[in-house]
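Descriptive structure summary
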Amino acid sequence: MRDLDITEVARRSGVPASTLRFYEEKGLIASIGRRGLRRLFEPGVLERLALIALGRAAGFSLDEIALMFAPDGQPRIDRQLLAAKAEQLDRTIRELSAMRDGLRHAAACRAPSHMECPTFRRLLRAAASGAVGARRKKG
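Here's a quick rundown of the structure.

So, how was this worked out
- Residues numbered from 1 in each chain as written.
- Predicted model: local features only at pLDDT ≥ 70, side-chain atom pairs only at ≥ 80, totals over all residues.
- Heavy atoms only, no water.
- Helix = DSSP H or I, 4+ residues; strand = E, 2+ residues; numbered from the N terminus.
- Rg over C-alpha atoms; globule rule 2.2 N^0.38 Å.
- Contact = heavy atoms within 4.5 Å.
- Buried < 20%, exposed > 50% of the residue type's maximum accessible area, 1.4 Å probe, protein only.
- Core = buried A, V, L, I, M, F, W, Y, C linked by side-chain atoms within 4.5 Å.
- Phe/Tyr/Trp six-rings, centres within 6.5 Å; stacked < 30°, edge-to-face > 60°.
- Lys NZ or Arg CZ within 6 Å of the ring centre and 35° of its normal.
- 1 Å grid on protein atoms, 1.4 Å probe; cavity = no way out; pocket = protein on both sides within 12 Å on 5 of 7 lines; lining within 4 Å.
- Points joined across faces, edges and corners; volume = space filled by probe spheres on them.
- Nonpolar A, V, L, I, M, F, W, Y, C, P; charged D, E, K, R; others polar.

**Points about the overall build of the protein chain**
Per the secondary structure count, the protein chain includes 6 helices and 3 strands. Here the C-alpha atoms of the protein chain give a radius of gyration of 22 Å, more than 25% beyond the 14 Å that 2.2 N^0.38 yields for 139 residues. Counting only C-alpha atoms, the protein chain reaches 70 × 30 × 20 Å along its principal axes. Pairs at least 24 apart in sequence give 41% of the contacts found in the protein chain among residues at least 6 apart.

**Regarding the environment of His-114**
Of note, His-114 is situated in the loop between helix H5 (79-108) and helix H6 (118-129). In this structure His-114 comes out as partly exposed when scored by relative accessible area, which is 38%. Along the primary structure His-114 and Ala-98 are separated by 16 residues, whereas in three dimensions their C-alpha atoms are 17 Å apart. Ignoring any residue separated from it by four or fewer positions in sequence, one finds His-114 in contact with Ala-106 and Phe-120.

**Considerations on the nonpolar core**
Among the nonpolar cores identified, the biggest contains 18 residues, and Val-9, Leu-20, Tyr-23, Ile-29, Leu-49, Ile-52 and Ile-65 are the most heavily contacted of them. At the level of elements, helix H1 (6-13), helix H2 (17-25), helix H3 (45-57) and helix H4 (62-66) are the ones that each hand at least two residues to this core. Excluding its chain neighbours within four sequence positions, the residues that come into contact with Val-9 are Leu-4, Gly-14, Leu-20, Phe-41, Val-45, Leu-46 and Leu-49.

**Looking at the packing of aromatic side chains**
Summed over the entire model, instances satisfying the criterion amount to 0 aromatic pairs. Lying across the ring of Phe-60, Lys-85 places its NZ or CZ 5.0 Å from the centre.

**Some words on the layout of surface pockets**
Of the voids in this model, the second largest pocket is the one considered here, and its volume is about 310 Å³. Here the residues of the lining of the second largest pocket are counted per class, giving 7 nonpolar, 4 polar and 4 charged.

**Concerning the environment of Leu-54**
Mapped onto the elements, Leu-54 comes out in helix H3. Linking Leu-54 and Arg-21, residues 33 residues apart in sequence, is a C-alpha distance of 19 Å.

Following this line, the structure appears as C-alpha cells:
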C-alpha cells in the first residue's frame, strides 16, 4: 500500500486532520514527509489510530496511550494498567447502576413526596457523603 496524505488518513480513519496534527504534536503518530503542503503517513498509521481510538474509548488519557507504544512505534501495552482500568470501569458501572436504579425508583415512587421516601432519603445521604455524584480525582 502506498503512503497516505493527511486527507486520506482523515477520511479512512474518521479522525479530523486537526486531531491528526495534534496527535503528531503529542508524539502519538509521526508523518514521514510531505507531498506539497500535506503531511504523508505510512499505511500503518491507520492501525495505530485504531489503537488510540480503542484506548480513548476505554477511558485512557492520551498521555497514558502514548506510554503504550515503544520507541519504535510498536504497541507495548502494560497489562497491569489494563487491569487497573478494568477495575476502575467496574467501580463506575456499579456507581452508575446504583444511580440508575435510584432514579427509576424516584420516578415511580408512590410516596406523596420524594422527601418522604426512605429510598430517596438514602440516595440523598449517599450524595451528601460524597459516595455518589462527586467527581473523584485520578490517583
